[in-house]
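The lines below spell out each chain.
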Amino acid sequence: MFDNLSDKLDKALHILKGHGKITEVNVADTLKEVRRALLDADVNFKIAKDFTTRVKEKAIGQDVLTTLQPGQLMVKIVKDELTELMGGDAAGVNLSGNPSVILMSGLQGSGKTTFSGKLANFLKTKKNKKPLLVACDIYRPAAINQLHVVGEQIGVEVYSEPENKNPVSISQNAIAYAKQNGFNVVIVDTAGRLAIDEQMMNEIANVHAAIQPQETLFVVDSMTGQDAVNTAKAFNDRLNFDGVVLTKLDGDTRGGAAISIKSIVNKPIKFIGTGEKMDAIDVFYPDRMADRILG
Ligand code: GDP
């Protein structure tokens, strides 16, 4: 992923890389290219503009024109700024509860159910936790089955009540069940819709208020570009979520979502999904992502 952006930034920075001497005109040209690359990658216009303004200020502040290796310094400034834009330091999940309750939110098809399984597997194998998966999609029996299939694959128990049509009571019952049976993490997979809709938002807001999760994660398909940002904003307005999961980064995505989401909702991207298998999960590191973008 990000090949597009990476290539373009490479070209933009090529003017500077390796050159002993650069001029203000060179810097301005490069910044213009950087901005275009960000826009092409679906980054919101204002974010791209602010980004290049900050890079320019830093370049001037660090006297880029008079240093011995101005190209390298520019690359470093762009990389640091990009890292900052995507969230600064990596942030973990809050596992302080007993059990710790993690609520998953997001549109249908975003990869929520798949990611619930990946996260359960990650916490079980890497953090030595005993997670319980909870199926709270009361509309699609197929979604409940899908979570059972996932649970079987990774050897994690799945709690469901196929006859119960109230997601609030299902999730509350699941937490009580977890307490009685020694589960220390509860991952609640909720119903999504194809697009934002009021009923869905009310439903997940009610579940959120009733179970008061330690962690609410918003799952979003990184292939959806600017829509990803709009969806993130709508969910954050209702749930004030704690972090973002960016899925399908193995696909042919341009990466604008990673850059924009943090700036728009001011929440960190915590995990990325890089495939359909249960181990295709990575903790999100902004500096690594910036490296990847810059090549
Ligand atoms: P949900 O409706 O939000 O629960 O979405 P699902 O978990 O059912 O995922 C929708 C589709 O996306 C399924 O076909 C998944 O296999 C696929 N999927 C989920 N995460 C990823 C990912 O990180 N990479 C790829 N390539 N596919 C994914």
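On a predicted model such as this, the values are computed, not experimentally measured, just so you know. Throughout this description, residue numbers start from 1 for each chain and increase along the sequence as written. At least 70 in pLDDT is required for a residue's local features to be given in this predicted model, at least 80 for side-chain atom pairs to be given and counted, and no such filter applies to totals for whole chains, interfaces and linings, which use all residues. Values reported for side chains reflect all heavy atoms of the structure, with hydrogen atoms and water molecules removed beforehand.

## Some remarks on the overall build of the protein
Numbering goes from the N terminus for both helices and strands, where a helix is a DSSP run of H or I of at least four residues and a strand is a run of E of at least two. Assigned secondary structure in the protein consists of 11 helices and 8 strands. Looking at the 295 residues of the protein, the share that counts as buried comes to 53%. Contacts are residue-level and defined by heavy atoms, with any inter-residue pair within 4.5 Å sufficient. Sequence-distant contacts, at least 24 apart, represent 76% of the contacts inside the protein between residues at least 6 apart. Computed by Shrake-Rupley with a 1.4 Å probe, the accessible areas treat only the displayed protein chains as cover when residues are assessed. Carbon and sulfur atoms make up 47% of the accessible area of the protein, which totals about 13500 Å². Note on exposure labels: buried denotes an accessible area under 20% of the residue type's maximum, exposed denotes more than 50%, and partly exposed covers the range between, all computed with a 1.4 Å probe on protein chains only.

## Comments concerning empty space enclosed by the protein
Only protein atoms enter the 1 Å grid used here, on which a cavity is any set of points holding a 1.4 Å probe that cannot leave and a pocket is any open set flanked by protein within 12 Å on both sides along at least five of seven lines; residues with an atom within 4 Å of a point are listed as lining. Grid points are joined across faces, edges and corners, and a volume is the space filled by probe spheres set on the points. One pass over the structure, following the stated rule, counts 1 cavity of 30 Å³ or more. Each pocket or cavity is described by its volume, and for the largest cavity that value is around 40 Å³. Along the walls of the largest cavity sit Cys 136, Pro 167, Thr 190, Ala 191, Met 200, Glu 203, Ile 204 and Val 207, which together make up its complete lining. Tallying contributions element by element places helix H8 (residues 198-211) first for the lining of the largest cavity, with 4 residues. Only Asp, Glu, Lys and Arg are considered charged, only Ala, Val, Leu, Ile, Met, Phe, Trp, Tyr, Cys and Pro nonpolar, and every remaining residue, Gly among them, polar. Of the residues in the lining of the largest cavity, the class split is 6 nonpolar, 1 polar and 1 charged.

## Re the sheet that holds strand E1 (residues 100-105)
Pairing between two strands is assigned when DSSP locates at least 2 bridges connecting them. What the 8 strands build is an open sheet, ordered E3-E2-E4-E1-E5-E6-E7-E8; its pairing is mixed. The open sheet terminates on both sides in strands that have one partner only, identified here as strand E3 (158-159) and strand E8 (281-283). Sheet topology places strand E7 (residues 269-273) next to E8; 3 bridges connect them, and they run antiparallel. Bridge assignment links Ile 272 to a residue of E8, and that residue is Asp 282. Contacting E1, strand E2 (131-136), strand E4 (185-190), strand E5 (215-221), strand E6 (243-247), E7 and E8, helix H5 (residues 112-126) runs over the sheet at an angle of about 170 degrees to E4. Fitted lines through C-alpha atoms serve as axes, helices being fitted only where they are in contact, and the angles separating the N-to-C directions of these axes extend from 0 to 180 degrees.

## Some remarks on the UniProt feature "domain: SRP54-type proteins GTP-binding" (unreviewed entry) in the protein
UniProt positions are given in the numbering used here, feature names are shortened, and annotations may be inferred rather than shown by experiment. Under the present numbering, the feature "domain: SRP54-type proteins GTP-binding" (unreviewed entry) in UniProt falls on residues 268-281. Helix makes up 0% of residues 268-281 and strand 43%, and the two end C-alpha atoms of the span are 16 Å apart.

## Thoughts on the layout of surface pockets
For the largest pocket, the calculated volume is near 380 Å³. Taken together, 23 residues form the lining of the largest pocket, with Gly 109, Gly 111, Lys 112, Thr 114 and Lys 248 sitting closest to its centre. Those elements that place two or more of their residues in the lining of the largest pocket are H5 and E4. Counting residues per element, the lining of the largest pocket draws most heavily on H5, which supplies 5 residues. Residue classes in the lining of the largest pocket are distributed as 3 nonpolar, 12 polar and 8 charged.

## Considerations on the environment of Ser 160
By the element assignment, Ser 160 lies in the loop between E3 and helix H7 (167-180). Its relative accessible area of 22% is what places Ser 160 among the partly exposed residues. Taking C-alpha positions, Ser 160 is 9.8 Å from Ile 138, a pair spaced 22 residues apart along the chain. Each residue touching Ser 160, except ones within four places of it in the same chain, is listed here: Ala 135, Ile 144 and His 148. Polar contact is defined as a pair of N or O atoms within 3.5 Å, subject to the rule that within protein one atom must be able to donate a hydrogen and the other to accept it, and that residues adjacent in sequence are counted only when both atoms are side-chain atoms. At 3.0 Å, the side chain of Ser 160 forms a polar contact with the side chain of His 148.

## Structural notes on the environment of Ser 260
One can find Ser 260 in helix H10 (residues 256-265). Once the C-alpha coordinates of Ser 260 and Val 34 are considered, the two residues, 226 residues apart in sequence, prove to be 15 Å apart.

## Here's the deal with the packing of aromatic side chains
Each Phe, Tyr or Trp ring, with Trp reduced to its six-membered ring, pairs with another whose centre is within 6.5 Å; inter-plane angles below 30 degrees give stacked pairs, above 60 give edge-to-face pairs, and intermediate values give tilted ones. Taken as a whole and judged by the stated rule, the model has 6 aromatic pairs. Where Phe 115 meets Phe 271, the ring centres are 5.7 Å apart and the plane angle is 50 degrees; that geometry is what we call tilted. Residue Phe 115 is found in helix H5, and its partner Phe 271 is found in strand E7; the two are separated by 156 residues along the sequence. Clustering of aromatic rings is evident, with ring pairs tying together Phe 115, Phe 122 and Phe 271.

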